[in-house]
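Residue strings, one per chain:
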Amino acid sequence: MRPLAYGYVSVPAHVAEEQAERWRWEIATFAEQEGVALAEIFTDQRGRSQHAFNAMTEALRRADAARIVVVPAAEHLAHLPGLQHADPSAVERHVGARLLAVHPCNGSRTSSRRRRRWGRSARRSS
């Protein structure tokens, strides 16, 4: 059975919907490549609210199997209060899940192993 994961995207106000769709597609593709079952992708409009992030953290608290969150890049979490300068382990503790990023912090595309910003494989048992 594949581990269950959620995706999270934070869309800046100036970004077109096409880019938001591209990020969601990248999350879905990455999840498939990493062998995780993507249950849902939560999307916030940056600067408007963080309702989707809050809904995701609530879902993580309720779900027995979901312990992974996939983001396009680390900056999709950096706008959230208290997480701007947090180290990866603090962010993981805050959300209650292992975090995987499609792109490393420099934003370039690399091999699957290097794309994991936090350096852990989704396939590794928890």
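What counts and how
Residues numbered from 1 in each chain as written. Predicted model: local features only at pLDDT ≥ 70, side-chain atom pairs only at ≥ 80, totals over all residues. Heavy atoms only, no water. Core = buried A, V, L, I, M, F, W, Y, C linked by side-chain atoms within 4.5 Å. Buried < 20%, exposed > 50% of the residue type's maximum accessible area, 1.4 Å probe, protein only. Helix = DSSP H or I, 4+ residues; strand = E, 2+ residues; numbered from the N terminus. pLDDT = per-residue confidence, 0-100. Arc of directions from axis to C-beta. Contact = heavy atoms within 4.5 Å. Salt bridge = Lys/Arg side-chain N within 4 Å of Asp/Glu carboxyl O.

Colleague: Please explain the nonpolar core as it appears in this structure.
Modeller: A general feature of soluble globular proteins is that nonpolar side chains tend to end up buried together. By size, the foremost hydrophobic cluster in this structure holds 18 residues, and its most contacted members are Tyr-8, Met-56, Leu-60, Val-69 and Leu-77. Of all the secondary structure elements, the ones that give two or more residues to this core are strand E1 (4–11), helix H2 (51–62), strand E3 (66–71), helix H4 (88–95) and strand E4 (98–101). Element by element, the count of residues in this core is highest for H2, at five residues. Core analysis: the next-biggest nonpolar cluster, separate from the first, contains 14 residues, Ala-20, Phe-30, Val-70 and Leu-100 among them.

Colleague: Sorry, what's going on with the confidence of the model for the protein chain here?
Modeller: The predicted coordinates should not be examined in detail at positions where pLDDT is low. Confidence in the prediction of the protein chain, expressed as mean pLDDT, is 79, and 74% of residues score 70 or more. Mean pLDDT across the secondary structure elements of the protein chain bottoms out at helix H5 (residues 112–115), with 41, and peaks at helix H1 (residues 17–34), with 95.

Colleague: Hey, could you run me through H4 in this one?
Modeller: Owing to its 3.6 residues per turn, the α-helix aligns residues three or four sequence positions apart on the same side. When we look at burial in H4, the residues that qualify are Val-91, Glu-92 and Val-95. For H4, the angular spread of buried residues about the axis comes to 100°, placing them on one side. Buried-residue contacts for H4 involve H2, helix H3 (75–78) and E4. Looking at the residues trailing H4, positive phi occurs at Gly-96, about 75°.

Colleague: Teacher, can you tell me more about the side chain of His-76 here?
Modeller: Within the secondary structure, His-76 is located in helix H3. Every residue in contact with His-76, bar those within four places of it in the chain, is listed here: Tyr-8, Val-9, Ser-10, Trp-23, Arg-46 and Val-71.

Colleague: So what exactly am I meant to see when it comes to the pattern of salt bridges here?
Modeller: A side chain with one charge can pair with a side chain of the opposite charge if their charged atoms come near. In total, this model carries four salt bridges according to the counting rule given. Arg-2 serves as the salt-bridge partner of Glu-32, at 3.3 Å between the closest nitrogen and oxygen. Highlighted residues: Glu-32 in helix H1 and Arg-2 in the segment before E1, separated in sequence by 30 residues. The class for Glu-32 is exposed, based on a relative accessible area of 52%.

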